[in-house]
Amino acid sequence: MSTVIYSAPIFGPVHSRRLGVSLGINLLPADGKVCTFDCIYCECGYNGQHRPKLKVQTREAVRESLEERLIEMKANGPFPDVLTFAGNGEPTANPYFPEIIDDTLALRDKYFPGAKVSVLSNSTFIRKPEVFAALNKVDNNILKLDTVDIDYIRKVDRPVGHYDLDEIIEGLKAFKGNLIIQTMFMKGKTDGGEDVDNTSDKYVLPWLEVMKEVSPRQVMIYTIDRETPDHFLMKASHEELDRIAVLVKKAGIPVSVSY
């Protein structure tokens, strides 16, 4: 299986299906994965396959590397649409995350004031006041909620340690609309043969009711795009994603679809 581990704090730019020309920022160790989820669809592979020996990226290393790359892009292009915190796991797990956000916003304003700052997070640290405050500062606070079925979450997202779904939902509501929800829809089976289709009303309708309560400024629905650790997962079809998107729109929530 081919997996992606980012060996530097800054990577790309890449063309993101959802965000455009995206310069990536990895706050996790350069030699492995650190995440509070162990998703069966993660492009970085399973946590156990990539145990890091190095420490997380420091505030200084990220700031210096980012400024160097932005200066280069200013001179030679391409100009970024977005600076995206992603990489080898959960970015908010880095203890310097709030300070790094402040540095990144300042560098963005200096070199590419038209670019957005985005964070892709699995939502597990949003109850920490300093993380919550930092996420409220960025342009695109993109938080994951693949379903509101805890059994499905344990089977597919596979939280590591404590995970309280009700607590997560209340944390999402606390942003008072200043967030984007990102949801993976897919089909197929786990390597152990368990069904993972979350495109049916059994999963979609309860999730939609929570979307109404959370009231995000946008919902991003997407499906598998890269090789996955579990080998029998399948993309949701265009028709299935479009059906879900129509339901979200009827609920009065803007939605984007990535096929």
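See the structure above.
Residues numbered from 1 in each chain as written. Predicted model: local features only at pLDDT ≥ 70, side-chain atom pairs only at ≥ 80, totals over all residues. Heavy atoms only, no water.

Caption draft 1: Representation of the overall build of the chain in the model. Helix and strand counts for the chain come out as 7 helices and 10 strands. Since a compact globule built from 259 residues should have a radius of gyration of about 18 Å, the 18 Å found for the chain is in line with a globular shape. Out of the 259 residues belonging to the chain, those deemed buried represent 53%. Summarising the internal contacts of the chain: among those between residues at least 6 apart in sequence, 73% fall at separations of at least 24. Per element, the accessible surface of the chain, about 11400 Å² overall, is 51% carbon and sulfur. Here the chain contributes 32 positive and 37 negative side-chain charges, whose respective centroids are spaced 2 Å apart. (Helix = DSSP H or I, 4+ residues; strand = E, 2+ residues; numbered from the N terminus. Rg over C-alpha atoms; globule rule 2.2 N^0.38 Å. Buried < 20%, exposed > 50% of the residue type's maximum accessible area, 1.4 Å probe, protein only. Contact = heavy atoms within 4.5 Å. Areas by Shrake-Rupley, 256 points an atom, 1.4 Å probe, with all protein chains shown as cover. Lys, Arg positive; Asp, Glu negative; His and termini not counted. Charge placed at Lys NZ, Arg CZ, Asp CG, Glu CD.)

Caption draft 2: Local environment of the side chain of Asp38. Within the secondary structure, Asp38 is located in the loop between strand E2 (20–26) and helix H1 (59–76). With sequence-adjacent residues up to four places away left out, Asp38 is seen in contact with Lys33, Gly45, Tyr46, Asn47, Val156, Asp157, Arg158 and Val160.

Caption draft 3: Broad picture of the sheet that holds strand E3 (residues 82–86). Taking strand neighbours across the sheet as the criterion, the 8 strands line up as E1-E2-E3-E4-E5-E6-E8-E10 in an open arrangement whose pairing is mixed. What marks the edges here is a single partner per strand, and that holds for strand E1 (10–16) and strand E10 (255–258). Strand-to-strand, the axes of this sheet are offset by a mean angle of 25°, without reference to chain direction. As paired elements, strand E8 (residues 218–222) and E10 share 4 bridges and run parallel to each other. Across the sheet, Val219 pairs through a bridge with Val255, a residue of E10. Running over the sheet, H1 touches E1, E2 and E3 and is turned about 55° from E1. Contacting E2, E3 and strand E4 (116–121), helix H2 (residues 97–111) runs over the sheet at an angle of about 155° to E4. (Pairing = 2+ DSSP bridges. Axes fitted to C-alpha atoms, helices over the stretch in contact; angles between N-to-C directions.)

Caption draft 4: Expanded view of H2. With 15 residues, H2 extends 21 Å between its outermost C-alpha atoms, agreeing within 8% with the 21 Å of an ideal straight helix rising 1.5 Å per residue. For H2, the full list of buried residues reads Phe97, Pro98, Ile100, Ile101, Asp103, Thr104, Leu105, Leu107, Arg108 and Tyr111. For H2, the elements touching its buried residues are E2, H1, E3, E4 and helix H3 (129–135). (Expected span 1.5 Å × (residues − 1).)

Caption draft 5: Summary view of the pairing of E4. Both E3 and E4 contribute to a ladder of 4 bridges, which runs parallel. Looking at E4, one finds that Val82 is bridged to Lys116. At this point the chain moves from E3, through H2, to the parallel E4, and the crossover so formed is right-handed. Two elements, E4 and strand E5 (residues 140–144), share 4 bridges in a ladder whose sense is parallel. Each bridged residue has a counterpart across the sheet, and for Ser121 the counterpart in E5 is Leu143. The parallel pair E4 and E5, bridged by H3, forms a crossover whose chirality is right-handed. (Right-handed = clockwise from strand over helix to strand, strands pointing away.)

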